Amino acid sequence: MTNPLRLGIAGLGTVGAGVVKIVQTHADLLAARGGRPIRIVAVSARSRGRERGVALDAYAWEDDPVALARRDDFDVLLELMGGEDGPAKAAVEAAIETGKHVVTANKAMLAHHGQAMAEAAEARGVALRYEAAVAGGIPIVKALGEGLAANGIRRVMGVMNGTCNYILTEMQARGADYAEVLEEAQRLGYAEADPSFDVGGVDAAHKLALLAALGFGTRVDFAGVQTEGIDRVTLTDIAHAEDMGYRIKLLGVASMSEAGLEQRMTPCLVPVDSALGRLAGVTNAVMVEGDFVGATHYEGPGAGEGPTASAVMADVLDIARGLIGPAFGAPAASLTAAPRAADAGAAAYYLRMSLHDAPGTLAKVAAALGEEGVSIRQMRQYDHEGGAAPAIFMTHPTSRAALDGALGRLGGMKECLDQPMALRVETV
Ligand SMILES: NC(=O)C1=CN([C@@H]2O[C@H](COP(=O)(O)OP(=O)(O)OC[C@H]3O[C@@H](n4cnc5c(N)ncnc54)[C@H](O)[C@@H]3O)[C@@H](O)[C@H]2O)C=CC1
Ligand SMILES: N[C@@H](CC=O)C(=O)O
Ligand code: NA
């Protein structure tokens, strides 16, 4: 019989337990598709006794994930712990050093150390695979790195955080409270160990930076992603957006132009009846535009046990079949450091601010917007409370620079009771 492909698993939470379930459920299917049996040899997690709904007795146990990574009785380390540095990074480095392939779901680690890890893996002749790290169950790394590999990639955009999309959907659909739905997303296994990574936009920015590197042949530049979270979005924003024909989505866009690489992950308004506007729950969607293929669209579950474990095992099967290409689609040494480009395109914006309820306030706000070159298309006021008058403006298309100028001015005016919030209207 062909030699089995032997796995060591570091991390037995939502994703790790899901992987054990697939290996135990689909042993024959995996062996047939991988061309060899897939066996788990050893595992590691913080707590050995925790109930996970899977039997672990047949596998060796290690308390220390780095000791696990250094064992000499398996071929592929599955790093499913998480964390940018710490034991996840140390275990991956130890696995590569000792000649093992690595499959990871850890976008935080790759967004910061992807280049160095890709170089180390190539030097050692082992795979570094991360399908689960981007958009969960959607095979977007495979689509971009392999299926579209003959294209010059123009733009990658999409909704890449299941937790945020779940929160925004539930707030819109049933008027649910933000904190309550965030807790639900945590219970369902969608959220990061520290959910501020989700709602702050950082997790999705990690993913966008990885897709940009893969698509454009550039070095991962997470620090170059303009990032804003959904933590300031209120039920009121969602209701007003809906009333005007829009939904709010945490949307990422990465594009390459002569000016350089533009990357942003921000909450945006998209038309209710667009593909992104209809995207509900934990679903993610990614659009990729290539010069020969044109526009392509991928949609599916972006988080949770089954979808993420499915992506991990797809990488394992590729390794079983001997498919061991470079991590970012081209040799790591050939990836270039692209200059960062500012948000260049004009867009309309949704502005929400709390104004001092007094004669002349609106005139001053309108004057400040006008002087900064921001033209108002629509204005609404609602629910005056005490001395505060909340106001919403929709602008005509304006440059980000003009908008930032206006936001700076408004934020400094005594008539403005809080820092205005601006959401871009994205034409999708
Ligand atoms: N939950 C999801 O839907 C998805 C998660 N991911 C990524 O997968 C990875 C794992 O996520 P989850 O399974 O949700 O996390 P989790 O919190 O449910 O599980 C983490 C596991 O790693 C172990 N672990 C953590 N730190 C450790 C340490 N210092 N030493 C030993 N063991 C340690 C824990 O004991 C636990 O078994 C993360 O990188 C996450 O970003 C990626 C896509 C989707
Ligand atoms: N926390 C992430 C998990 C998948 O990457 C999300 O909600 O999308
Ligand atoms: Na994926």
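Residues numbered from 1 in each chain as written. Chains lettered and ligands numbered in written order. Predicted model: local features only at pLDDT ≥ 70, side-chain atom pairs only at ≥ 80, totals over all residues. Heavy atoms only, no water.

Trainee: Lay out the overall build of the protein chain in plain terms, naming residues and giving numbers.
Mentor: From N to C terminus, the protein chain includes 14 helices and 16 strands. Compactness check: the protein chain gives a C-alpha radius of gyration of 23 Å against a globular reference of 22 Å for 428 residues, within 12% of the reference. Considering only C-alpha atoms, the protein chain reaches an extent of 85 × 45 × 35 Å along its principal axes. Here the protein chain holds 428 residues, and 56% of them are scored as buried. (Helix = DSSP H or I, 4+ residues; strand = E, 2+ residues; numbered from the N terminus. Rg over C-alpha atoms; globule rule 2.2 N^0.38 Å. Buried < 20%, exposed > 50% of the residue type's maximum accessible area, 1.4 Å probe, protein only.)

Trainee: Account for the side chain of N151, naming residues and giving values.
Mentor: Looking at the element boundaries, N151 is found in the loop between α6 (140-147) and β7 (153-159). A distance of 2.7 Å separates the side chain of N151 from the backbone nitrogen of V293, its partner in a polar contact. Sequence-distant contacts of N151, that is, excluding residues within four places in its chain, are made with G290, D291, F292 and V293. (Polar contact = N/O pair within 3.5 Å; in protein donor to acceptor, adjacent residues only side chain to side chain. Contact = heavy atoms within 4.5 Å.)

Trainee: Can you break down helix α12 (residues 305-320) residue by residue, with the values?
Mentor: What sets the pattern is the α-helix's 3.6 residues per turn: residues three or four places apart point alike. For α12, which comprises 16 residues, the first-to-last C-alpha distance of 22 Å matches the rise-based estimate of 22 Å (1.5 Å per residue) to within 8%. T308, A309, A311, V312, M313, D315, V316, L317, D318, I319 and A320 are the residues of α12 that are buried. Where α12 ends, the next residue or the one after it, G322, has phi of about 85 degrees, a positive value. (Expected span 1.5 Å × (residues − 1).)

Trainee: Any chance you could break down the site of ligand 1 for me, citing the residues and the numbers?
Mentor: As a matter of local geometry, ligand 1 sits amid 21 residues, with L12, V15, G189, E192 and G304 nearest to it. R46 places a polar main-chain atom, nitrogen or oxygen, 2.9 Å from an oxygen atom of ligand 1. About the coverage of ligand 1: the protein hides 85% of its 830 Å² of free accessible area. When grouped by side-chain class, the residues that make up the shell around ligand 1 number ten nonpolar, eight polar and three charged. (Near = heavy atom within 4 Å. Areas by Shrake-Rupley, 256 points an atom, 1.4 Å probe, with all protein chains shown as cover. Nonpolar A, V, L, I, M, F, W, Y, C, P; charged D, E, K, R; others polar.)

Trainee: Residue-level account of unusual backbone geometry, with values.
Mentor: Peptide bonds are mostly trans, and most non-glycine residues show a negative phi. For A135, which is not glycine, the phi dihedral falls at a positive 60 degrees. With respect to the helices and strands, the residue A135 is situated in the loop between β6 (128-129) and α6. The exposure class of A135 is buried, given its relative accessible area of 0%.

Trainee: Which residues make up the UniProt feature "domain: ACT" (unreviewed entry) in the protein chain, and what are the values?
Mentor: Listed under "domain: ACT" (unreviewed entry) in the UniProt record, and renumbered for this structure, are residues 350-428. A helix fraction of 29% and a strand fraction of 33% characterise residues 350-428, whose end C-alpha atoms lie 16 Å from each other. (UniProt positions renumbered as here; feature names shortened; annotations may be inferred.)

Trainee: So what about the coordination of the sodium ion (ligand 3)? Which residues, and what values?
Mentor: The protein atoms donating to the sodium ion (ligand 3) are E131 (O), E131 (OE), V134 (O), G136 (O) and I138 (O), with metal-donor distances spanning 2.3 to 2.6 Å. On the basis of relative accessibility, which here comes to 2%, the residue G136 falls in the buried class. (Donors = N, O, S within 2.8 Å, 3.2 Å for Na, K, Ca; no water.)

Trainee: Describe the site of ligand 2, with residues and values.
Mentor: Close contacts around ligand 2 come from K107, N161, G162, T163, Y190, A191, E192, D198, D203, K207, G302 and A303, and that covers them all. G162 places a polar main-chain atom, nitrogen or oxygen, 2.7 Å from an oxygen atom of ligand 2. Between D198 and ligand 2, the recorded distance is 2.7 Å, taken from a side-chain N or O atom to a nitrogen atom. Calculation on ligand 2 without its partners gives an accessible area of 250 Å², and the protein chains cover 94% of this total. Among the secondary structure elements, those contributing two or more residues to the shell around ligand 2 are α7 (162-174) and α10 (202-216).

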